[in-house]
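Tertiary structure, described
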Amino acid sequence: MAAMTAEQLRGLYCHGGIPSYVEELIQAMPLTPEGAYSILCHRGEGYISKHLFGAAVDLAPDRILDQKLFRELVAKYRLTLLDERQNGIPCFHLADPDAEIRIVRE
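Notes on the structure in this doc start here. Positions within a chain are numbered from 1, following the residues in the order the chain's sequence is written. Where local features are concerned, this predicted model is filtered to residues with pLDDT of at least 70; where side-chain atom pairs are given and counted, the filter is 80 or more; whole-chain, interface and lining totals use all residues. Note that water and hydrogens are dropped before the side-chain values are worked out from all heavy atoms of the structure.

1. A word on the packing of aromatic side chains
Quick note on the threshold: Only Phe, Tyr and Trp rings are paired, with Trp represented by its six-membered ring, and only when their centres lie within 6.5 Å; those with planes under 30 degrees apart are stacked, over 60 edge-to-face, the remainder tilted. Charge-over-ring contacts are defined here by two conditions on Lys NZ or Arg CZ: a distance within 6 Å of the ring centre and an angle within 35 degrees of the ring normal.
Counted under the stated rule, the structure contains one aromatic pair. Positioned above the aromatic ring of Tyr21 is the side chain of Arg43, whose terminal nitrogen or guanidinium carbon lies 5.2 Å from the ring centre.

This is how it looks when you write it as structure tokens:
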């Protein structure tokens with residue numbers, strides 16, 4: 001997240017409004033990885049990436065050789081597919097919408 005632009009952060013994490021931590025990240029730009037991590041660790045609300053608990057992967061669209069088969073498998077297993085290229089990030093975000101979201105804080 002430290003390398004993302006304000007537009008990318010808003011495009012990826014503000015579908016249901018703007019979480020306060022996203023605005024904190026934007027206000028702290030330019031971000032270091034440590035600075036972004038600190039803001040994320042101390043947030044009180046907001047989206048948490050399914051990547052963090054193994055329910056999402058990012059795939060390079062140009063590496064998928066059989067797009068038809070890929071889309072059939074996404075539908076068969078009821079996965080969600082987001083094309084992040086619209087936000088300037090060259091990947092497909094594939095996630096399991098049925099995975100239980102658990103946030104664990106130390």
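2. Quick notes on the sheet that holds strand β3 (residues 92-95)
Adjacent strands of a sheet pair through backbone hydrogen bonds, lying either parallel or antiparallel. Filter applied, for reference: Two strands pair under a simple rule: DSSP has to find at least two bridges between them. What counts as a helix is a DSSP run of H or I of at least four residues, what counts as a strand is a run of E of at least two, and both are numbered from the N terminus. Geometry is summarised by axes, namely lines fitted to C-alpha atoms with helices restricted to the contacting stretch, and by angles between N-to-C directions that run from 0 to 180 degrees. Whether two residues touch is decided by their heavy atoms; if any such pair falls within 4.5 Å, the residues are in contact.
One open sheet holds the three strands; their spatial order is β1-β3-β2, and the pairing between them is antiparallel. Unpaired on one side and paired on the other, β1 (56-59) and β2 (80-83) mark the two borders of the sheet. In this sheet, adjacent strand axes meet at a mean angle of 20 degrees when their direction is disregarded. Bridge count for β1 against β3 is four bridges, and the pairing is antiparallel. Bridge pairing in β3 links Leu59 to Phe92. Sheet contacts for helix α4 (residues 67-76): β1, β2 and β3; angle to β3, the most-contacted strand, approximately 30 degrees.

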